[in-house]
Amino acid sequence: MSSDLPRTAVPLGITDPVERARAELKAALAAIEEKANIPKRTARATRRAQVSAREFADRNPSGAAIAAVGAAVAVGLLVWGAVRLYTR
C-alpha cells in the first residue's frame, strides 16, 4: 500500500477478493472513525478558521477591526436578550 494514499481509500490493483474485502473494510472503518471523531474535526475547523481570520486581518486590518467590533456587539446583544428573556 502506498504511503501517499489516504487511509480512507482502497488501493487499486488488488486482485485477490479476500484482500480486496479486507482493504475495503479497513478503508470503511477509517472513514467511520474520521466522521465520528468530533473533537478532531472541531480542532481542524478551528485551525482553518484561525488561519483564515489571520489572513483576512493581514490583508484588511480595518475590516478585521470592524468585524471584531460587530462580533462583540452581536454577542452582547445575544447575552442581553437572553438575560432579558430569563428575567421576565
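Refer to the structure printed above.
All values derive from a computational prediction rather than experimental measurement. Every chain's residues receive numbers from 1 upward, in the order its sequence appears when written. Per-residue local features are limited, in this predicted model, to residues with pLDDT of at least 70; the limit for side-chain atom pairs, both in listing and counting, is 80 or more; totals at the level of whole chains, interfaces and linings are taken over all residues. Each side-chain value is derived from all of the structure's non-hydrogen atoms; neither hydrogens nor water enter the calculation.

Colleague: Which residues make up the packing of helix H2 (residues 38-59) against helix H3 (residues 61-87), and what values go with them?
Modeller: The description of two packed helices rests on the angle between their axes and on the distance between the axes. Axis definition: a line fitted to C-alpha atoms, over the contacting stretch in the case of helices. Angles run 0 to 180 degrees between N-to-C directions. A run of H or I in DSSP becomes a helix once it reaches four residues, and a run of E becomes a strand once it reaches two; helices and strands are each numbered from the N terminus. Contact geometry of H2 with H3 gives a least axis separation of 5 Å together with a crossing angle of 125°. With respect to each other, H2 and H3 are oriented oblique. Between H2 and H3, the contacting residues are Phe56, Ala57, Asp58 and Arg59 on the first element and Pro61, Gly63 and Ala64 on the second. Only Asp, Glu, Lys and Arg are considered charged, only Ala, Val, Leu, Ile, Met, Phe, Trp, Tyr, Cys and Pro nonpolar, and every remaining residue, Gly among them, polar. Tallied by class, residues from the contact of H2 with H3 come to four nonpolar, one polar and two charged. An angle below 35 degrees is read as roughly parallel, one above 145 as roughly antiparallel, one from 65 to 115 as roughly perpendicular, and any other as oblique. We call two residues contacting when some pair of their heavy atoms lies within 4.5 Å.

Colleague: Any chance you could break down a nonpolar patch on the surface for me, citing the residues and the numbers?
Modeller: Here the term patch refers to residues with relative accessible area over 30% and no salt bridge, with like charges joined within 9 Å and nonpolar side chains (Val, Leu, Ile, Met, Phe, Trp, Tyr) within 5 Å. What sets the accessible areas is the Shrake-Rupley method with a 1.4 Å probe; for residues, cover comes only from the shown protein chains. We define a salt bridge as a side-chain nitrogen of Lys or Arg found within 4 Å of a carboxyl oxygen belonging to Asp or Glu. Together, Val69, Val73, Leu77 and Trp80 make up a nonpolar patch on the protein surface, roughly 430 Å² of accessible area in all. For Val69, the location among the structural elements is in helix H3.

Colleague: Tell me about the environment of Asp16, and please be specific about residues and values.
Modeller: Checked against the element boundaries, Asp16 lands in the segment before helix H1 (17-36). Residues Asp16 and Asn37, spaced 21 residues apart in sequence, show a C-alpha to C-alpha distance of 32 Å.

Colleague: Report on the pattern of salt bridges, specifying residues and quantitative values.
Modeller: For the coordinates displayed, the defined rule picks out four salt bridges. With a closest N to O distance of 3.3 Å, Glu24 and Arg20 form a salt bridge. Note that Glu24 and Arg20 are positioned in helix H1 at a spacing of four residues, about one turn of the helix. A 1.4 Å probe rolled over the protein chains alone gives each residue an accessible area, and that area as a share of the maximum for its type sets the label: buried under 20%, exposed over 50%, partly exposed in between. A residue is classified by how much of its surface remains accessible, and Glu24, at 37% relative accessible area, is partly exposed.

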